[in-house]
Amino acid sequence: MGKTYERIDGRLRTFIEEQPLFFTATAPLSAGGTVNLSPKGLRGSFAVLDELTVAYLDFAGSTAETIAHPRENGRITLMWCAFQGPPNIVRVHGRGEPVFRDDPRFAELLTRFPDIEPSAHGLRAIVVVHAETVRDSCGYAVPHMAYEEDRDLHGRRFSREDDASLSAYFAKKEHIATSLDGLPGLPLPLPPSTV
């Protein structure tokens, strides 16, 4: 195994759209900077926009590395693993861009995520990734694990927030406006949504 694909379509697209979990990897340009690896879940928060472009909803959290690193250098890798069914790992290496809530593109992009209520999760941005290299590998050593359901804790926690209280929450966190390495993160106060 181990094949490079020219586009995200067919069985490859079906595979990544069916996975309930994926991972993002980013890093700053600084050799001494913090490499970040984040799990992303919640059904409906990921979309294939076209054969070379994907996007995911970036929700409230305690840091903003996956916003700060692409803002600095654009580099991002997404990875999906088959925890059920035939073994497989797919990676999309590409250029990422956070599209913030006050960006004119935000409202149209949000229509690509019809199966999730973004206001219940403190939506900060939509990260758009333009694929440069798409590869799969065997995944023979990835264990079988059963997906039961999404946790409801994130939605229960952040559905209580409006723009003002969410901005106040982010302002109290040390690494939201500025990354762990001092890079610009999420613009604060939180831009009002265009939707």
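Presented here is a report on the structure given in the accompanying data block. (Residues numbered from 1 in each chain as written. Predicted model: local features only at pLDDT ≥ 70, side-chain atom pairs only at ≥ 80, totals over all residues. Heavy atoms only, no water.)

## A closer look at the nonpolar core
Stage number 1. Judged by nonpolar contacts, the single largest core of 20 residues is most densely connected at Ile8, Ile16, Phe46, Leu78 and Trp80.
Stage number 2. Taken together, the elements giving at least two residues each to this core come down to α1 (10-18), β4 (46-50), β5 (53-58), β6 (75-81), β7 (89-100) and β8 (125-137).
Stage number 3. The biggest single contributor to this core is β8, with 4 residues.
Stage number 4. Ignoring any residue separated from it by four or fewer positions in sequence, one finds Ile8 in contact with Arg13, Ile16, Val48, Glu51, Val54, Val92, Ala131 and Val134. (Core = buried A, V, L, I, M, F, W, Y, C linked by side-chain atoms within 4.5 Å. Buried < 20%, exposed > 50% of the residue type's maximum accessible area, 1.4 Å probe, protein only. Helix = DSSP H or I, 4+ residues; strand = E, 2+ residues; numbered from the N terminus. Contact = heavy atoms within 4.5 Å.)

## Quick notes on α1
Stage number 1. Taken together, the buried positions of α1 are Leu12, Phe15 and Ile16. End-on, the buried residues of α1 take up no more than an arc of 90°, which puts them together on one face.
Stage number 2. Summarising the contacts, the buried residues of α1 are in contact with β1 (3-5), β4, β6, β7 and β8. (Arc of directions from axis to C-beta.)

## Section: the side chain of Asp103
Stage number 1. If you trace the backbone, Asp103 turns up in the loop between β7 and α3 (106-110).
Stage number 2. Engagement of the side chain of Asp103 in a polar contact is seen with the backbone nitrogen of Arg105, the distance being 2.7 Å. (Polar contact = N/O pair within 3.5 Å; in protein donor to acceptor, adjacent residues only side chain to side chain.)

## Some thoughts on the environment of His175
Stage number 1. Among the structural elements, His175 can be located in the segment after α5 (163-172).
Stage number 2. Overall, His175 belongs to the buried group, its relative accessible area being 18%.
Stage number 3. The spacing of His175 and Gly185 is 10 residues in sequence and 7.7 Å in space, taken between C-alpha atoms.
Stage number 4. In contact with His175, other than residues within four places in its own chain, are Ser62, Thr63, Ala64, Glu65 and Leu180.
Stage number 5. Engagement of the side chain of His175 in a polar contact is seen with the backbone oxygen of Ser179, the distance being 3.4 Å.

## Notes on the side chain of Gln19
Stage number 1. Position of Gln19 relative to the elements: it lies in the loop between α1 and β2 (22-26).
Stage number 2. The contacts of Gln19, once residues within four sequence positions are left out, are Arg43, Trp80, Cys81 and Ala82.

## Here's the deal with helix α2 (residues 65-73)
Stage number 1. Most of α2 is tucked away, with 7 of its 9 residues classed as buried.
Stage number 2. Buried residues of α2: Glu65, Thr66, Ile67, Ala68, His69, Pro70 and Asn73, and no others.
Stage number 3. Contact partners of the buried residues in α2: β2, β3 (36-40), β5, β6, β7 and β8.
Stage number 4. Looking one or two residues beyond α2, the residue adopting positive phi is Gly74, at roughly 80°.

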